Amino acid sequence: DAGITQSPRHKVTETGTPVTLRCHQTENHRYMYWYRQDPGHGLRLIHYSYGVKDTDKGEVSDGYSVSRSKTEDFLLTLESATSSQTSVYFCAIRTENYGYTFGSGTRLTVV
Amino acid sequence: KQEVTQIPAALSVPEGENLVLNCSFTDSAIYNLQWFRQDPGKGLTSLLLIQSSQREQTSGRLNASLDKSSGRSTLYIAASQPGDSATYLCRSQGNLIFGKGTKLSVKP
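Read on for an overview of the structure. (Residues numbered from 1 in each chain as written. Chains lettered and ligands numbered in written order. Predicted model: local features only at pLDDT ≥ 70, side-chain atom pairs only at ≥ 80, totals over all residues. Heavy atoms only, no water.)

1. Thoughts on the nonpolar core
Counting residues in each nonpolar core, the largest one holds 21 residues, and the members touching the most others are L33(B), W35(B), L75(B), I77(B), Y88(B) and L104(B). Contributions of two or more residues to this core are made by β3 (19-25), β4 (32-38), β5 (44-51), β7 (62-67), β8 (72-77), β9 (86-92) and β11 (102-107) of chain B. The dominant element in this core, judged by the number of residues it contributes, is β3(B), at 4 residues. Discounting chain neighbours no more than four positions away, the residues touching L104(B) are L11(B), V13(B), L19(B), I77(B), D84(B), S85(B), A86(B) and Y88(B). Counting 19 residues, the second largest nonpolar core, distinct from the first, contains C23(A), I46(A), V60(A) and V110(A). (Core = buried A, V, L, I, M, F, W, Y, C linked by side-chain atoms within 4.5 Å. Buried < 20%, exposed > 50% of the residue type's maximum accessible area, 1.4 Å probe, protein only. Helix = DSSP H or I, 4+ residues; strand = E, 2+ residues; numbered from the N terminus. Contact = heavy atoms within 4.5 Å.)

2. What to know about the state of the cysteines
Residues and elements named next belong to chain B. Throughout the structure, instances matching the rule amount to 2 disulfides over all chains. For C23, the disulfide goes to C90, at an S-S distance of 2.0 Å. One disulfide, between C23 and C90, carries an S-S torsion of 80 degrees and so falls in the right-handed class. Taken together, the residues C23 in strand β3 and C90 in strand β9 connect sequence positions 67 residues apart. Of the two residues, C23 and C90, neither departs from the other in class, the shared state being buried. (Disulfide = S-S within 2.5 Å.)

3. Section: the environment of E17(B)
All names here are of chain B. Relative to the assigned elements, E17 resides in the loop between β2 (10-14) and β3. Note on E17: relative accessible area 35%, which makes it partly exposed. C-alpha of E17 to C-alpha of R55: the two residues are 38 residues apart in sequence and 24 Å apart in space.

4. Description of the layout of surface pockets
Of the pockets and cavities examined, the largest pocket occupies roughly 530 Å³. Q37(A), Q38(B), D39(B), P40(B) and G41(B) are the residues nearest the centre of the largest pocket, which is lined by 27 residues in total. Going through the elements one at a time, β4 (32-38), β9 (87-94) and β11 (106-110) of chain A together with β9 and β11 of chain B are the ones with two or more residues in the lining of the largest pocket. A total of 3 residues in the lining of the largest pocket trace back to one element, the largest contributor, which is β9(B). In the lining of the largest pocket, the residues fall into 7 nonpolar, 13 polar and 7 charged. Approximately 270 Å³ is the volume attributed to the second largest pocket. Along its surface, the second largest pocket is lined by 14 residues, and H41(A), V4(B), I97(B), F98(B) and K100(B) are the ones closest to its centre. Tallying contributions element by element places strand β1 (residues 4-7) of chain B first for the lining of the second largest pocket, with 3 residues. In the lining of the second largest pocket, the residues fall into 4 nonpolar, 5 polar and 5 charged. (1 Å grid on protein atoms, 1.4 Å probe; cavity = no way out; pocket = protein on both sides within 12 Å on 5 of 7 lines; lining within 4 Å. Points joined across faces, edges and corners; volume = space filled by probe spheres on them. Nonpolar A, V, L, I, M, F, W, Y, C, P; charged D, E, K, R; others polar.)

5. Side note on the packing of aromatic side chains
Tallying each qualifying case throughout the model produces 12 aromatic pairs over all chains. Between Y35(A) and F98(B), the ring centres sit 5.2 Å apart and the planes meet at 90 degrees, which makes this aromatic pair edge-to-face. Separated into two different chains, Y35(A) in strand β4 and F98(B) in strand β10 (residues 97-98) make up a pair that spans both. On the basis of relative accessibility, which here comes to 0%, the residue Y35(A) falls in the buried class. Given a relative accessible area of 5%, F98(B) falls into the buried group. With a centroid separation of 6.4 Å and 80 degrees between ring planes, the pair formed by F90(A) and F102(A) is classed as edge-to-face. Highlighted residues: F90(A) in strand β9 and F102(A) in strand β10 (residues 100-102), separated in sequence by 12 residues. Exposure class is identical for F90(A) and F102(A). Each is buried. Through a chain of ring-to-ring contacts, the aromatic side chains of Y31(A), Y33(A), Y35(A), Y48(A), Y50(A), F90(A), Y100(A), F102(A), F36(B) and F98(B) assemble into a single cluster. The ring centre of Y100(A) lies 3.8 Å from the NZ or CZ of R91(B), which sits over that ring. (Phe/Tyr/Trp six-rings, centres within 6.5 Å; stacked < 30°, edge-to-face > 60°. Lys NZ or Arg CZ within 6 Å of the ring centre and 35° of its normal.)

6. Comments concerning the sheet that holds strand β1 (residues 4-7) of chain A
Residues and elements named next belong to chain A. The 4 strands are arranged β1-β3-β8-β7 in an open sheet whose pairing can be described as antiparallel. Strands at the two margins of the open sheet, each flanked by one partner only, are β1 and β7 (64-70). When the angles between neighbouring strand axes are averaged without regard to direction, this sheet yields 20 degrees. One ladder, built from 4 bridges, connects β1 with strand β3 (residues 19-25); its direction is antiparallel. Following the sheet pairing, T5 is matched in β3 by H24. (Pairing = 2+ DSSP bridges. Axes fitted to C-alpha atoms, helices over the stretch in contact; angles between N-to-C directions.)

What follows is the structure, given as structure tokens:
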């Protein structure tokens, strides 16, 4: 989506390995979010950030950590990937009118 | 626990029909409500954003309404087309929670 990019778009990793997903925005928005989307569960909030170095947990934060050292980048790390973390991960930003804009997603497969 | 519920979970209609998708939420402190569309394998595209001070928003054939007192929002699609086939999700701002979506199929 315009102004927000996620990388990588696809990744296959082995159980127990660390994985970092990156979300980059070009519009200097304060709030950024990481969601995962799974069949039957819909979109669930993992972590969110309300500024540089300011982050908080969402509904399904166990097994995930985040970092925001710059306004434009919000990183999601799986310290030791498990098969239950196979999912599609979406990053979102909150815009000035309190709407959300989403990235195109990262499809992660843990084997 | 705050919840956002979307009914129906799936809907199949013939082309040209007008239809209504429903979203109900339990968070009384809602600030705004947003409707999205998601095509298979794709990200979410914002359709309409209703601020808490508004009752409805319109964009083309789409109209979304918000009734905070009853905890409901509806998305009305007029004269549906096969290109409208997608999953439609609503999001409540107050608690950052999404509904699970309504999967719409419009048959030619």
